[in-house]
Amino acid sequence: MPNSMPDVANQSQAQTEGTLDWVGMSNIEVPLMVAASDAAERPVAAHVEAFVNLKDPKTKGIHMSRLYLLLDQLSTEGELSHSSLKQLLRDFIESHSDISNQAFIKFDFEYHLRRESLISRKKGWKAYPVSLTGRYDAGKLSLELAVDVPYSSTCPCSAALARQLIQEAFVEKFADKEVIDKATLHEWLGSTEGIVATPHSQRSTAEVKVKLAEDLEEFPIVALIDAVEGALKTPVQAAVKREDEQEFARLNGQNLMFCEDASRRLKHQLNQMPIFKDFWLRVNHYESLHAHDAVAIATKGVDSGYRA
């Protein structure tokens, strides 16, 4: 008979005794099917963190392969949903029932959506960074969904300063005229001389985290992305023709916003969505004027909930 292989985790005691909050693996690469509401199931390439606690101070270590194989089984035989995530965390604990009573998992992936352009209706892919985090403790599941949504922000102060320069250029150009004919004014407004200044805009990002209600089965990824883009009104585009670029410029001009404006819009929108028990949001305006960024952070304000 072959010699039995040593099992240090089972057969040895810890050199220094003590409990540990989390032990496991990070950066596990797995393909998954994600069950998301408002969209067909989509395959994603996820990077995963998987942990259990180590409550026994004398145990040498956990059985990491058990966590990996359970995750692999979900990848090859199932889909990522509310119920399957909850079962996975239960299985993590069950596989370490003598040494663990808590489990944690986090999935990071890009969620691709077909997005339609503003006027031409051409479609293209947009990739949204998404994180799904689950924690199972004392029979209770805590589930968090996080997304990053890019958008464009145009500075209200810069727009006002640009308008003032245009007014001054108008006065200088037509100072000696009591009456200006329509064609002349139309031609001047369409020239570089007429539009002497433009406000500064910048690509911006809304980072949003929400706590999900327990009765959800599919993840509301699309609903959350749509809510953010609908509130801000200037989402970054995919396929673009000239008419789309012009409409994008119009939307930016009609939706001037500081980071404070953007965060308040998002807070108001998320407060209207009862499927989210709590939320945390941060808007980042990557300034084109300054070398630093403008940032605003807001929470729902739930007792014992997210803190800024």
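In this report, the structure presented in the accompanying data block is examined. (Residues numbered from 1 in each chain as written. Predicted model: local features only at pLDDT ≥ 70, side-chain atom pairs only at ≥ 80, totals over all residues. Heavy atoms only, no water.)

1. A short note on the side chain of Asp244
Thought 1: Mapped onto the secondary structure, Asp244 falls in helix H7 (residues 242-254).
Thought 2: It turns out Asp244 is buried and unbridged, and the closest side chain with the opposite charge, Arg121, is 7.0 Å from it.
Thought 3: At 3.4 Å, the side chain of Asp244 forms a polar contact with the side chain of Ser117. (Helix = DSSP H or I, 4+ residues; strand = E, 2+ residues; numbered from the N terminus. Buried < 20%, exposed > 50% of the residue type's maximum accessible area, 1.4 Å probe, protein only. Lys, Arg positive; Asp, Glu negative; His and termini not counted. Salt bridge = Lys/Arg side-chain N within 4 Å of Asp/Glu carboxyl O. Polar contact = N/O pair within 3.5 Å; in protein donor to acceptor, adjacent residues only side chain to side chain.)

2. Overview of helix H4 (residues 156-173)
Thought 1: With 18 residues, H4 extends 26 Å between its outermost C-alpha atoms, agreeing within 8% with the 26 Å of an ideal straight helix rising 1.5 Å per residue.
Thought 2: The set of residues buried in H4 consists of Pro156, Ser158, Ala159, Ala162, Ile166 and Ala169. Buried residues of H4 fall within an arc of 155° about the axis and therefore sit on the same side. Exposed and facing more than 90 degrees away from the buried side of H4 are Gln167, Val171 and Glu172.
Thought 3: Against strand E5 (140-154), helix H5 (182-189) and helix H8 (259-271) lie the buried residues of H4. (Expected span 1.5 Å × (residues − 1). Arc of directions from axis to C-beta. Contact = heavy atoms within 4.5 Å.)

3. Things to note about the packing of aromatic side chains
Thought 1: Here the structure, examined in full by the defined rule, presents 5 aromatic pairs.
Thought 2: Considering the side-chain rings of Phe170 and Trp188, the 5.9 Å spacing of their centres and the 65° angle between planes classify their relative orientation as edge-to-face. Of this pair, Phe170 sits in helix H4 while Trp188 sits in helix H5, and the two are 18 residues apart along the sequence.
Thought 3: The exposure class of Phe170 is partly exposed, given its relative accessible area of 31%.
Thought 4: Take Trp188: its relative accessible area is 5%, and that puts it in the buried class.
Thought 5: Lying across the ring of Trp280, Lys209 places its NZ or CZ 4.6 Å from the centre. (Phe/Tyr/Trp six-rings, centres within 6.5 Å; stacked < 30°, edge-to-face > 60°. Lys NZ or Arg CZ within 6 Å of the ring centre and 35° of its normal.)

4. Considering the environment of Asn271
Thought 1: Inspection of the secondary structure assignment puts Asn271 in helix H8.
Thought 2: On the accessibility criterion, Asn271 (34% relative accessible area) is partly exposed.
Thought 3: Separated by 133 residues in the primary sequence, Asn271 and Ala138 place their C-alpha atoms 29 Å from one another.
Thought 4: Apart from residues lying up to four places away in sequence, Asn271 is in contact with Phe279 and Lys300.

5. Overview of the packing of helix H6 (residues 221-232) against H8
Thought 1: Packing of H6 against H8 leaves a shortest axis separation of 9 Å and a crossing angle of 135°. By the criterion of interaxial angle, the relationship of H6 to H8 is oblique. For the crossing formed where H6 meets H8, the hand is right-handed. Residue-level contacts link Leu224, Ala227, Val228, Ala231 and Leu232 of H6 to Ala262, Arg265, Leu266, Gln269 and Leu270 of H8.
Thought 2: Broken down by class, the residue content of the contact of H6 with H8 amounts to 8 nonpolar, 1 polar and 1 charged. (Axes fitted to C-alpha atoms, helices over the stretch in contact; angles between N-to-C directions. Parallel < 35°, antiparallel > 145°, perpendicular 65-115°, else oblique. Left-handed = near helix turned anticlockwise from the far one by under 90°. Nonpolar A, V, L, I, M, F, W, Y, C, P; charged D, E, K, R; others polar.)

6. A closer look at the sheet that holds strand E1 (residues 20-34)
Thought 1: The sheet built from 8 strands is open, its strands ordered E1-E2-E3-E4-E5-E6-E7-E8 with antiparallel pairing. The open sheet has two edge strands with one neighbour each: E1 and strand E8 (294-299). Each neighbouring strand pair of the sheet contributes to a mean axis angle of 15°, computed without reference to strand direction.
Thought 2: In this sheet, E5 lies alongside strand E4 (residues 123-137) in antiparallel orientation, the contact comprising 8 bridges. When the bridges of E5 are listed, Arg135 appears paired with Ser142.
Thought 3: Taken strand by strand, helix H3 (residues 82-94) contacts strand E2 (42-54), strand E3 (102-116), E4 and E5, and its axis lies near 155° from that of E3. (Pairing = 2+ DSSP bridges.)

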